[in-house]
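Below are the chains, spelled out letter by letter.
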Amino acid sequence: MNYQKLDAALATALNALQSLEEPSLTVFVHTEPFLSPAAIAILESLGISDVTSGKDIFTATLSPNAISQLSEQPWVKSLKRSQQLRLVNQSKNLGGFSV
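Residues numbered from 1 in each chain as written. Predicted model: local features only at pLDDT ≥ 70, side-chain atom pairs only at ≥ 80, totals over all residues. Heavy atoms only, no water.

Novice: Tell me about the pairing of strand β2 (residues 57-62), and name the residues and values.
Specialist: Of the two faces of β2, only one is covered, namely that formed by F58, A60 and L62; the face formed by I57, T59 and T61 stays uncovered. Here strand β1 (residues 25-31) runs beside β2; their pairing, made up of six bridges, is antiparallel. Considered in β2, the bridge of T26 is made with T61. (Buried < 20%, exposed > 50% of the residue type's maximum accessible area, 1.4 Å probe, protein only. Helix = DSSP H or I, 4+ residues; strand = E, 2+ residues; numbered from the N terminus. Pairing = 2+ DSSP bridges.)

Novice: Describe helix α2 (residues 37-45), and please don't skip the residues or the numbers.
Specialist: Residues lying three or four places apart along an α-helix face the same way, a consequence of the helix completing one turn every 3.6 residues. Residues of α2 that are buried: A39, I40 and L43. Seen end-on, α2 carries its buried residues on one side only, within an arc spanning 100°. Within α2, the exposed residues directed more than 90 degrees away from the buried face are P37, A38 and S45. (Arc of directions from axis to C-beta.)

Novice: Please give an account of the sheet that holds strand β3 (residues 76-81) that cites residues and values.
Specialist: Here we have three strands laid out as an open sheet, ordered β2-β1-β3, and antiparallel in their pairing. Edge positions in the open sheet fall to β2 and β3, since each of these has one partner strand only. Averaged over all neighbouring strand pairs, the angle between strand axes comes to 30°, with direction disregarded. For β1 and β3, the ladder comprises five bridges, and the chain directions are antiparallel. (Axes fitted to C-alpha atoms, helices over the stretch in contact; angles between N-to-C directions.)

Here you go:
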């Protein structure tokens, strides 16, 4: 695993997982803009759809093993964990304080 290509949130999540084979982490895969046919085949084999050369950011739900495999590819620039978004007007209650 090339940890230099992982953001902190993804590295932390990987350390907390038990199963290495279960696709359980949603990530953004940042690649070089022009991919070889071999690179496209690797992405597609991991279940990433709509892979075309010229596109350089892909979203996928991957297993730790798949993330490790991608982190070792020279054409992958970085892997970032996707965060669950919430609506801006939703408020959170933090111990009596509403945020």
